[in-house]
Amino acid sequence: PIDFDTNQLTFEHYFSDFDSKGKTVSALNNGHAVVFTPESRSVKVIDNISQQAETFTLVQFHLHNGSEHTINGERYDLEAHFVHANEAFIQGDTLNGRLAVFGVFLQGSHGYTHWHWNKVLSNLPEHNPGASNETKKKIVSNYQFLVPFNKKVFTYEGSLTTPGCDEIVNWVVYATPIKVSHQAVENYSASQNHHDTHRLTQPLHGRQVKVGWLYK
């Protein structure tokens, strides 16, 4: 992950909007994150390497306790990652396999908060090594409800944030955080035994970070 310095961005406008549908997911606490596996859905994005439109299939989404990315040095309470894979990745082609990960910041707040995310972050499974703790949850009919209304995003070519940090990821991170209840933040933190599960931000090493707006 990186810090998005809003004074050092290049404008771009080419990514497809996130529009995956499917109401029922399975939720599994693997001790590092609660991972939600939906019905198979897909989205088209422009690949950062080939610059060609390609279909990526949503394979899972999960959260990190403490956001992985930051904006001008500010870290948020949680960060959700919607992980999409191209067909090559799904077929085990390590040469051409690519991921497109949509990131969403979540921040605890008083007053009006996001009903759908509050629901997702309720009744989370506990981590129970050696036993099956996978549960079924009904969340939303369209995952568009789980991303910000404001479609401004940061995009860059990067890597996975967990070992082995393969550099195969189209990162698309929404600039506007979603407000959730403090109880929702506490629920997720408790599911991770209150341990931070985010990687520290890394140097850019010459990577170009772009800002733009999603469109269909």
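Residues numbered from 1 in each chain as written. Predicted model: local features only at pLDDT ≥ 70, side-chain atom pairs only at ≥ 80, totals over all residues. Heavy atoms only, no water.

Peer 1: What is the right way to read the packing of aromatic side chains from this model?
Peer 2: To describe a pair of aromatic rings, you give the distance between the ring centres and the angle between the ring planes. This model, assessed by the stated rule, comprises ten aromatic pairs. Taken together, a centroid distance of 4.9 Å and an interplanar angle of 15° make the contact between Phe36 and Phe61 stacked. With Phe36 in strand E4 (residues 34–38) and Phe61 in strand E6 (residues 53–65), this pair connects stretches of sequence that are 25 residues apart. Arranged with centres 6.4 Å apart and planes meeting at 90°, the rings of Phe61 and Trp117 form a pair that is edge-to-face. Taken together, the residues span a long stretch of sequence, with Phe61 in strand E6 and Trp117 in helix H2 (residues 115–120) at a distance of 56 residues. (Phe/Tyr/Trp six-rings, centres within 6.5 Å; stacked < 30°, edge-to-face > 60°. Helix = DSSP H or I, 4+ residues; strand = E, 2+ residues; numbered from the N terminus.)

Peer 1: What is the right way to look at unusual backbone geometry in this model?
Peer 2: For residues besides glycine, phi is generally negative; the peptide bonds are generally trans as well. The phi dihedral of Asn72 is positive, around 50°, even though this residue is not glycine. Along the chain, Asn72 falls in the loop between strand E7 (70–71) and strand E8 (78–86).

Peer 1: Could you clarify how one ought to interpret the layout of surface pockets in this entry?
Peer 2: The probe, sized like a water molecule, is rolled over the atoms to show the empty space still left. A volume near 470 Å³ is recorded for the largest pocket. If you go around the largest pocket, you meet 22 residues; those closest to its centre are Ala33, His62, His64, Thr161 and Thr162. Of all elements in the fold, only E6, E8 and strand E9 (99–109) reach the threshold of two or more residues within the lining of the largest pocket. Considering each element in turn, the lining of the largest pocket owes the most residues, four residues, to E6. Of the residues that constitute the lining of the largest pocket, the class distribution is nine nonpolar, ten polar and three charged. (1 Å grid on protein atoms, 1.4 Å probe; cavity = no way out; pocket = protein on both sides within 12 Å on 5 of 7 lines; lining within 4 Å. Points joined across faces, edges and corners; volume = space filled by probe spheres on them. Nonpolar A, V, L, I, M, F, W, Y, C, P; charged D, E, K, R; others polar.)

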